[in-house]
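# Residue-level structural notes
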Amino acid sequence: MTDEDLMRIAMAEARAAEAAGEVPVGAIIVSPSGAVIAHGDNRVLRSSDPTAHAEIVALRAAGAVLGNYRLVGCTLYSTLEPCAMCAGAILHARISRLVYATTDPKAGACGSVLTVMNHPKLNHRVEAVQGVLAEECGKMLTDFFRARR
């Protein structure tokens, strides 16, 4: 499957979050063999948990599937640039590759607002790819917030 195919799966997670009244952000984790091993959608409202971002939900699920908090060789797909919390968790999990759609001009930690991802003082590097289906994912977020105003 291509990055676009896999991002569409993450987009389905984002749509599920939106249907549940959450900000539409979705994430999936793909194993080194190419299998989707975890899904996550924003759940902060439903879980009353400020850490229940889509990426964190997916990281927790992948750790349970693999029986290890180290997700070496795995790729995380997210519809939105990870925040500082999620970027830190991605680094601690030793994710090998991050693919995200659109930047987050308010809280992005992969270079938009902060640079947590691949900060030179940190000991892990992640291959980061930005812009896969950015327009579609950005529109989903823009439409969501426009409807809330």
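Described in the following lines is the structure provided in the data block.

Rules of the game
Residues numbered from 1 in each chain as written. Predicted model: local features only at pLDDT ≥ 70, side-chain atom pairs only at ≥ 80, totals over all residues. Heavy atoms only, no water. Helix = DSSP H or I, 4+ residues; strand = E, 2+ residues; numbered from the N terminus. Expected span 1.5 Å × (residues − 1). Contact = heavy atoms within 4.5 Å. Polar contact = N/O pair within 3.5 Å; in protein donor to acceptor, adjacent residues only side chain to side chain. Core = buried A, V, L, I, M, F, W, Y, C linked by side-chain atoms within 4.5 Å. Buried < 20%, exposed > 50% of the residue type's maximum accessible area, 1.4 Å probe, protein only.

The terminal C-alpha atoms of helix H1 (residues 3-19), which comprises 17 residues, lie 24 Å apart, in line with the 24 Å expected from a rise of 1.5 Å per residue. Where H1 is buried, its residues contact strand E1 (26-30), strand E2 (36-41), helix H2 (44-47), strand E3 (75-80), strand E4 (97-102) and helix H5 (134-148). Two residues or fewer after H1 comes Gly21, characterised by a positive phi angle close to 90°.

Mapping His124 onto the fold places it in the loop between E4 and strand E5 (127-130). Within polar-contact distance, the side chain of His124 engages the backbone oxygen of Ile95 at 2.9 Å. Apart from residues no more than four positions distant in its own chain, His124 is found in contact with Leu91, Arg94, Ile95 and Asn118.

Attention now moves to the nonpolar core. When a protein is soluble and globular, its nonpolar side chains tend to lie buried together. Within the largest apolar cluster, 28 residues are counted, with the highest numbers of intra-cluster contacts made by Ile29 and Leu59. For this core, the elements supplying multiple residues, two or more each, are E1, E2, helix H3 (54-66), E3, helix H4 (84-92) and E4. Of the residues forming this core, the biggest block, 5 residues, is contributed by H3. What Ile29 contacts, discounting residues up to four positions off in sequence, is Ala35, Val36, Ile37, Ala38, Ala58, Leu59, Ala62, Leu71, Cys74, Thr75 and Leu76.

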